[in-house]
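Chain residues, written in single-letter form:
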Amino acid sequence: MSLSFFNRMKPFIGVIFLQFGSAGFAIVAKAALNQGSSHYVFSVYRNGIAAALFIPFALLFERKTRPTMTLRVFFKILLLGLLDPVIGQNMFYAGMKYTTPTVTSALCNLIPALTFVMAWVLRIEKLNLRKLSSHAKIIGTVVALGGAMVMTMIKGQTIGLPWTHAHHDVHASSNPNDHPDPIKGALMIGAGCFGYALFYILQAITLKSYPAGMSLTALICTFGSTMGTILAFIMERGNTSIWILRLDAKLLAYVYGGVISSGITYYLSGVIMNEKGPVFVTAFNPLSMVIVAIMSSFIFAEQMTIGKISGALVIVIGLYLVIWGKTKDQKDEKVLPTNEQEKGSTNSSLENELPLSGSNLV
């Protein structure tokens, strides 16, 4: 009986571990950026470490199942390497310099809503205004975007926490040019989320013709690290000191990001999704935001305000509306007659495989 109970609890234990891992990365990434880490170099090292981690496993476990590489698939993977490791991560890290880990974590909950909007624009996602699920997805998207605006534009009264009173500048960056600017930071993180959302859509399409998860991840990280290196040399030309590695918070963040956020998280989330589906993983995303808020208040003496808390709650409400609408659509697809399923098999299967989770790539 105890073994059966443990087996039932494994997905819950796994997804909670994922949220703690995601929260930990938000904290160490902010610490590294505060110590002066270049966000261009951050992306290069993180993806380089992730590629080094994935390549041996891909060569070992997928050597017999890896499909033939075509020119079309190659360009898709190249674009994936640009969308997430270069655009998504650089905008995310750049925005984090101007805001707090809690705001960053909360804004990441916009990714499912943005993924839905772009999938609809690209005609991958279907909308039927006569169905309640479509209304839920539309309203949820608007509510989530409204919550992001509340969180970044409305400060409100500060909620006094005893341990945040002593040091108000603990979260300050060592770079004098990186003074707090919540709106600028939110816009940059929003742009990063936009890149992540496009990445999710293209990843779902690419996996149809290249269903080798480890090999795909290794190639994405390799291409991303290579393109990121070129970008870093252009944007940070003459500043060779940013590439020096020392035993400090920056090195910890690079290794943590590559091993935990891009390595273990990718694999573990895939295992859980195969058993429970993407909605199960997504439903726990707000837990990461709560963990980050608590840790950040202790480590960075981050002040909690009514605006931050209210905006975060509104984003979570919007997130769950989108999730509910998507779940309802997936249930409806399963009860369609077989002949109707065959008619729209390409679109419907792609819709159902679009990930709803936003924490795994961040």
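Since the model is a prediction, treat every value here as computed from it, not as a measurement. (Residues numbered from 1 in each chain as written. Predicted model: local features only at pLDDT ≥ 70, side-chain atom pairs only at ≥ 80, totals over all residues. Heavy atoms only, no water.)

Chemist: Break down the packing of aromatic side chains for me, with residues and values.
Modeler: Centre distance and the angle of the planes are the two values used to describe a pair of aromatic rings. Inspection of the entire model under this criterion finds 15 aromatic pairs. Ring plane angle 65 degrees and centroid distance 6.4 Å describe the contact between Phe92 and Tyr196, whose orientation is recorded as edge-to-face. With Phe92 in helix α3 (residues 71-96) and Tyr196 in helix α7 (residues 182-209), the pair connects residues that are 104 residues apart, well separated along the chain. Taken together through their ring pairs, the aromatic side chains of Phe25, Phe42, Tyr45, Phe92, Tyr93, Tyr196, Phe233, Trp243, Tyr254 and Tyr256 make up a single cluster. (Phe/Tyr/Trp six-rings, centres within 6.5 Å; stacked < 30°, edge-to-face > 60°. Helix = DSSP H or I, 4+ residues; strand = E, 2+ residues; numbered from the N terminus.)

Chemist: Please give an account of the environment of Phe25 that cites residues and values.
Modeler: Position of Phe25 relative to the elements: it lies in helix α1 (residues 2-34). For Phe25, a relative accessible area of 2% translates into the label buried. Residues Phe25 and Tyr256 lie 231 residues apart in sequence; the distance between their C-alpha atoms is 6.8 Å. (Buried < 20%, exposed > 50% of the residue type's maximum accessible area, 1.4 Å probe, protein only.)

Chemist: A description of the nonpolar core should follow, citing residues and the corresponding values.
Modeler: If you look at the biggest cluster of nonpolar residues, it comprises 45 residues, and the most contacted ones within it are Phe25, Phe42, Phe92 and Leu107. No other element matches α7, which puts 7 residues into this core. Sequence-distant contacts of Leu107, defined by excluding residues within four places in its chain, comprise Ala148, Ala186, Ile189, Cys193 and Ile315. Counting 11 residues, the second-largest nonpolar core is a separate cluster that includes Ile77, Leu83, Phe199 and Phe223. (Core = buried A, V, L, I, M, F, W, Y, C linked by side-chain atoms within 4.5 Å. Contact = heavy atoms within 4.5 Å.)

Chemist: Got a sec to walk through the pattern of salt bridges? Specific residues and values, please.
Modeler: Oppositely charged side chains are able to pair whenever their charged atoms sit close together. Across all of its chains, the model carries 3 salt bridges by this definition. Across the pair Asp329 and Lys137 runs a salt bridge whose closest N-O atoms are separated by 2.4 Å. Pair noted here: Asp329 is in helix α12 (residues 306-334) and Lys137 is in helix α6 (residues 132-153), with a separation of 192 residues, a long-range link. Both residues of the pair, Asp329 and Lys137, count as buried. A salt bridge links Lys308 to Glu302, with the shortest nitrogen-to-oxygen separation between them at 3.1 Å. Residue classification places Glu302 among the buried residues on the basis of a relative accessible area of 3%. Residues participating in the shared-partner salt-bridge network are Lys131, Lys137 and Asp329. (Salt bridge = Lys/Arg side-chain N within 4 Å of Asp/Glu carboxyl O.)

Chemist: Quick rundown of the packing of α3 against helix α8 (residues 213-235)? Include the residues and the values.
Modeler: Direction vectors running N to C along α3 and α8 enclose 60 degrees, while the axes themselves pass 8 Å from each other. Here α3 lies oblique to α8, going by the angle between them. Crossing hand, α3 versus α8: right-handed. Between α3 and α8, the contacting residues are Phe74, Ile77, Leu78, Leu80, Gly81, Leu82, Pro85, Val86 and Asn90 on the first element and Leu216, Leu219, Ile220, Phe223, Gly224, Met227, Gly228 and Leu231 on the second. Among the residues forming the contact of α3 with α8, the class breakdown is 13 nonpolar, 4 polar and no charged. (Axes fitted to C-alpha atoms, helices over the stretch in contact; angles between N-to-C directions. Parallel < 35°, antiparallel > 145°, perpendicular 65-115°, else oblique. Left-handed = near helix turned anticlockwise from the far one by under 90°. Nonpolar A, V, L, I, M, F, W, Y, C, P; charged D, E, K, R; others polar.)

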